[in-house]
Amino acid sequence: MKALVYHGPGRKSWEDVPDAQVQDPTDVVVRVDTTTICGTDLHILQGDVPAVTDGRILGHEAVGTVTEVGAAVTGFKAGDRVLVPAITRCGRCAYCTRGMPSHCQTVGGIGWIFGHLIDGTQAESVRVPYADTSLHLIPNDVTDEQAIFLADSLPTGYEVGVLAGGVRPGNTVAVVGAGAVGLSAILTTGLWGASRVIAVDSNKFRLTKAQEFGATDAVEAGPDVVEAVKAMTDGLGVDVAIEAVGYPETLRTTAALVRPGGTIANIGVHGAPVELPLEEMWIQNVTLTMGLVDTVSIPTLLTMVASGRIPAEKMGTHTFSLDQIDEAYEVFGNAAAHEALKVVIRR
């Protein structure tokens, strides 16, 4: 089969690799019908994730069709259309049973294994461990283009941004970074009744999209952004400030936007140390949260997508075939120039 293989920082190749196969009784093999590229994949190619080694197939999101089933799998059969999420869970370890499969101990202490610790989904097929507790059947009225964004982006924006940030009815929220994950946070703040959602980005196209996704205000990033946001919020700042970029300067900006007693929810994947002014922050009684998505919200989000409450398909702006994956990376890696949010890569 063909797959996108990582060969060290800045190097990847669409090449022939051995076919995905069932290795353990809890495995299934899924033919990849639709996949996408995540900002984390770009971080890997920048050398920010040293656990990803030469020869690893990239990707951690897929929608596909089950083609082979291990002997212990009872919940899925060949022909099922499934969502392969970014997080794999055994369902039995201490972290899985407490609803935190992002740190599943059985799969190595981190639930994100596709394209990280095992071969990933940017391929014609993928082996999925612990299928019964990891995969999700896709309802007939949810398209591949809708479902693919439930593998990572939407749950990340919702769980690590909105839920961890403690968004509540009437809250004011700022989202710094209106890329795919930031837009996912904006799209789902309404589920918890935020009264005002302020999008902050340096890209005018993304700010326009943010308002289409539910932001009430858009502020172009610059030296006066903190003053601008505070002027919108009685001079105090927002109740919840969500960072969705992953750079030191954007996290510092996000921290400066929150009011006393508020919450800073860091979603961004950081590849460099960050200094925060704790000497100023401690007395403000602010909370800082961060983390890897658990994807436990997927069933809820699937229901919301099926009902039309969440238009997940709006995330996709460009479509490619699997053999155009290098072009897809070029577009996604230069998203501002191409006015791209997420790319849809189809078989």
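As the structure is a prediction and not an experimental result, all values here were calculated from the model.

Right, let's talk about the overall build of the protein chain for a bit. For the protein chain, the helix and strand inventory stands at 13 helices and 15 strands. For the protein chain, whose C-alpha radius of gyration is 20 Å, the value lies close to the compact-globule estimate of 20 Å for 347 residues. Overall size of the protein chain, expressed as C-alpha extent along the three principal axes, is 60 × 40 × 40 Å. Counting across all 347 residues of the protein chain, residues that qualify as buried make up 54%. The contacts of the protein chain with a sequence gap of at least 6 include a subset with a gap of at least 24, amounting to 69%. For the protein chain, the exposed surface amounts to about 14,000 Å²; the carbon and sulfur share of it is 50%.

This brings us to the side chain of S184. Position of S184 among the secondary structure elements: in helix α6 (residues 180–189). When near neighbours in sequence (up to four residues on either side) are disregarded, S184 contacts S153, L154, G157 and M315.

Inspection of the entire model under this criterion finds 13 salt bridges. A salt bridge links D326 to K12, with the shortest nitrogen-to-oxygen separation between them at 3.1 Å. Taken together, the residues span a long stretch of sequence, with D326 in helix α12 (residues 325–333) and K12 in strand β2 (residues 12–16) at a distance of 314 residues. Look at the salt bridges and you will find they share partners, linking D24, D27 and R127 into a network.

For the structure on display, the rule yields 0 disulfides. The closest cysteine sulfur to the non-disulfide-bonded C96 is located on C93, 3.7 Å from its own sulfur. Note on C96: relative accessible area 13%, which makes it buried.

Counting residues in each nonpolar core, the largest one holds 66 residues, and the members touching the most others are L58, L154, L183, I186, I242 and V343. With residues near it in sequence (within four places) discarded, L58 still touches L4, Y6, I44, L45, V52, G115, G120, T121, Q122 and Y329.

Another point: the packing of helix α8 (residues 225–232) against helix α9 (residues 248–257). Taken N-terminus to C-terminus, the directions of α8 and α9 make an angle of 30°; their axes are 9 Å apart at the nearest point. Here α9 runs roughly parallel to α8, going by the angle between their axes. In this structure, α8 meets α9 at a crossing whose hand is right-handed. Two secondary-structure elements touch here, α8 through V225, V226, V229 and K230 and α9 through T253, A256 and L257. When its residues are assigned to classes, the contact of α8 with α9 shows 5 nonpolar, 1 polar and 1 charged.

Burial analysis of strand β9 (residues 196–201) places 5 of its 6 residues in the buried class, which makes it a mostly covered element. Pairing between strand β8 (residues 172–176) and β9: 5 bridges, direction parallel. Bridge pairing links V175 to A199 in β9. Taken together, β8, α6 and β9 constitute a β-α-β crossover, and its handedness is right-handed. In the sheet, β9 pairs with strand β10 (residues 217–220) via 4 bridges, with the strands oriented parallel. Within β10, the residue paired with D201 across the bridge is E220.

Within the sequence span of α9, burial applies to P248, T250, L251, T254, A255 and L257. Its buried side turned inward, α9 meets β8, α8, β11 (238–243), β12 (258–266) and α10 (278–281).

Now for the environment of H338. Take H338: it is sitting in helix α13 (residues 335–338). What makes H338 partly exposed here is its relative accessible area of 30%. If we ignore the near neighbours within four places in the chain, the residues touching H338 are H318, E330 and V331.

Conventions we followed
- Residues numbered from 1 in each chain as written.
- Predicted model: local features only at pLDDT ≥ 70, side-chain atom pairs only at ≥ 80, totals over all residues.
- Heavy atoms only, no water.
- Helix = DSSP H or I, 4+ residues; strand = E, 2+ residues; numbered from the N terminus.
- Rg over C-alpha atoms; globule rule 2.2 N^0.38 Å.
- Buried < 20%, exposed > 50% of the residue type's maximum accessible area, 1.4 Å probe, protein only.
- Contact = heavy atoms within 4.5 Å.
- Areas by Shrake-Rupley, 256 points an atom, 1.4 Å probe, with all protein chains shown as cover.
- Salt bridge = Lys/Arg side-chain N within 4 Å of Asp/Glu carboxyl O.
- Disulfide = S-S within 2.5 Å.
- Core = buried A, V, L, I, M, F, W, Y, C linked by side-chain atoms within 4.5 Å.
- Axes fitted to C-alpha atoms, helices over the stretch in contact; angles between N-to-C directions.
- Parallel < 35°, antiparallel > 145°, perpendicular 65-115°, else oblique.
- Left-handed = near helix turned anticlockwise from the far one by under 90°.
- Nonpolar A, V, L, I, M, F, W, Y, C, P; charged D, E, K, R; others polar.
- Pairing = 2+ DSSP bridges.
- Right-handed = clockwise from strand over helix to strand, strands pointing away.

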